[in-house]
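The residues making up each chain are set out below.
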Amino acid sequence: MRIEEIENEIIDEFAIYDDWMDKYEYIIELGKDLSLIKEENKTDDKLIKGCQSRVWLDSEKDGEILNFYADSDAIITKGIISLLLRVFSGQKPEDIAKSDLRFIKEIGLQEHLSPTRANGLLSMVKQIKLLALQNVAA
Amino acid sequence: MRKFEINTVRKDFPLLERTIYGKRLVYFDNGATAQKPQIVIDRIQQYYSSENANIHRGVHHLSQVGTDLYEEARKTIQSFLNAKHEEEIIMTKGTTDSINLVAFGYSKLLKAGDEVLITEMEHHSNIVPWQMACEYSGATCRYIPLNGKGELDLSNIDELINSKTKILAVTHVSNSLGTINPIEMLIEKAHAVGAKVLIDGAQSLQHFKVDVQQLDADFYVFSGHKLFGPTGTGVLYGKKEALEQLPPYQGGGDMIKEVKMSGTTYNELPHKFEAGTPNIAGGIALKTAIDYFTEFDLSELEAHEKELLEYAETKLKALPGVRIIGTSENKVSVLSFVVEGAHHFDVGTLLDKQGVAVRTGHHCTQPVMDYFGINGTVRASFAFYNTKEEVDIFIGALERALNMLG
């Protein structure tokens, strides 16, 4: 599926929640379900330090596409990571670089990507974009 | 004197009426900043609507009115702290600004071999300026360690305070733990070796009465915004002789006596440390905040906050996996805690979505977090306008959050 299609799918999934707590219940479930990065791979060079929560990011190139693996010590951050990776992982670098992550705003989670939130997510997105750009160039 | 009556007091603070995500706001982030009573908000508006002009040196009417109002604010602060002289009150941008002013001065006065003594529980703003002063001067920065209750470990104090100690900088009340420090004893010990003492009062004056002459501190600093006043206001109290010893901090207008191309002579206290146009509206409204606050019998507010703290502590302790960080018997109404298996960021986010505002993280006290071996805490900090009913909402919201995270 293309990035835009996955984003639309996520927007539809979230459309059924009109209560914030229900929305977060779902995000937490996403966070709990996914084991995103192996414990031995949570090394300092993959660590993105946020003020509030820590995020680890790993990537590999597989032919034309980029795969991402990430994790966090906070479960809500982890839930949002699982959404971001669902959108980005397995996509072509040029598509990742172009994406404006419309779905985050649509489902009301933009506060988590604000520079003042300091949970590591914004830095993670920047890092993913940077890796994509490097691979486009290469 | 105004009788403390919680329901009428709450009506003085318009923001307490609002809702967040459709839920009634429970504001428990008073340690970060306090809400403002309507009269403080009105005072700022009145200044800009009918009194605005630059102060000092003006010959026209408004400039003199503004100058008088601003200098009256200084007198109010003087009497609030019971300082001996009016010129011992330096108006600053806040606690951080006040500490930097003093630490900058010390970076010029200190030399290699001298010692600066701070503590492990300081806010970063009472650590970093001193580390910088030591870096610039070659002096050594030492610290008084913590104990498991989140108090200062004074077992080695007579070695830490010694003839090399030039200044001791310590917080009156810990922002992340709530601990009230035995500063009277520390001031006495520091003075016995000829050291000066700076007390960080950012977390104390909103909770209890402070008399700087009785304390005998050389410097006492605080922020206006934690005391129900505007942001960008603060105070450096300094004993006259201690302030006179310090070189000026920032150069500019107002702080000079005479400027020639060959050099400048500096103004007298307090203006020597007040370069540039100050936060005039802020200073005047800070006076309004202090006037409002001191209408009450502070011991009544203190008793109310103590009751809130004990009530919240009992309820919190009943929840599984909760560990309170900062368990001194001598503390203000600050409740810092961690929950086993729940990250503070997650807890804070889920409380927020239920209308409860708390602070999470290291609270600018990373050494405290390191000491306890944690990344951060959830901190609920109460003001006199908070209620037991709000504590119930907070505990209910916390239980729901923990169920979701568990």
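In this report, we go over the structure that sits alongside the text. (Residues numbered from 1 in each chain as written. Chains lettered and ligands numbered in written order. Predicted model: local features only at pLDDT ≥ 70, side-chain atom pairs only at ≥ 80, totals over all residues. Heavy atoms only, no water.)

What about a negative patch on the surface?
Residue and element names in this part refer to chain A.
At step 1: A cluster of like negative charges, contributed by D18, D22, E25, E29 and D33, occupies part of the molecular surface.
At step 2: Mapping D18 onto the fold places it in the loop between α1 (3-15) and α2 (20-33).
At step 3: The exposed category is assigned to D18, whose relative accessible area is 76%. (Patch = residues over 30% accessible without salt bridge, like charges linked within 9 Å, V, L, I, M, F, W, Y side chains within 5 Å. Areas by Shrake-Rupley, 256 points an atom, 1.4 Å probe, with all protein chains shown as cover. Salt bridge = Lys/Arg side-chain N within 4 Å of Asp/Glu carboxyl O. Lys, Arg positive; Asp, Glu negative; His and termini not counted. Charge placed at Lys NZ, Arg CZ, Asp CG, Glu CD. Helix = DSSP H or I, 4+ residues; strand = E, 2+ residues; numbered from the N terminus. Buried < 20%, exposed > 50% of the residue type's maximum accessible area, 1.4 Å probe, protein only.)

A look at the pattern of salt bridges
Residue and element names in this part refer to chain B.
At step 1: Under the counting rule described, the total for this entry stands at 36 salt bridges over all chains.
At step 2: A salt bridge links E159 to R142; the nearest nitrogen and oxygen atoms lie 2.9 Å apart. A residue pair is termed long-range when its members are at least 10 positions apart, and E159 in helix α6 (residues 157-160) and R142 in strand β6 (residues 140-144) qualify at 17 residues.
At step 3: Classification of E159 as partly exposed rests on a relative accessible area of 37%.
At step 4: Note that K315 is salt-bridged to D392, the shortest N-O span being 3.1 Å.

Some details on unusual backbone geometry
Residues and elements named next belong to chain B.
At step 1: In this model, L269 is joined to P270 through a cis peptide bond whose omega is 0°.
At step 2: Along the polypeptide, P270 turns up in the loop between β12 (263-266) and α10 (280-293).
At step 3: Even without a glycine there, the phi angle at R57 is positive, about 70°.
At step 4: Tracing the sequence through the fold places R57 in the loop between α2 (38-51) and α3 (61-81).

Some remarks on the pairing of strand β4 (residues 89-92) of chain B
All names here are of chain B.
At step 1: Across the two faces of β4 the burial is the same, with I89 and M91 and I90 and T92 all buried.
At step 2: Judged from the 4 bridges that link them, β4 and strand β10 (residues 234-238) form a sheet pairing that is antiparallel. When the sheet's bridge partners are listed, I90 is paired in β10 with L236. (Pairing = 2+ DSSP bridges.)

Quick notes on the packing of α2(B) against α10(B)
Residue and element names in this part refer to chain B.
At step 1: Viewed as axis vectors pointing N to C, α2 and α10 meet at an angle of 150°, and their least axial separation amounts to 9 Å. In this view, α2 runs roughly antiparallel relative to α10, as classed from their interaxial angle. Handedness of the crossing formed by α2 with α10: right-handed. For the pair α2 and α10, the contacting residues are I39, V40, R43, I44, Y47 and Y48 in the first and I280, A281, I284, A285, T288, A289 and Y292 in the second.
At step 2: Residue composition of the contact of α2 with α10, by class: 11 nonpolar, 1 polar and 1 charged. (Axes fitted to C-alpha atoms, helices over the stretch in contact; angles between N-to-C directions. Parallel < 35°, antiparallel > 145°, perpendicular 65-115°, else oblique. Left-handed = near helix turned anticlockwise from the far one by under 90°. Contact = heavy atoms within 4.5 Å. Nonpolar A, V, L, I, M, F, W, Y, C, P; charged D, E, K, R; others polar.)

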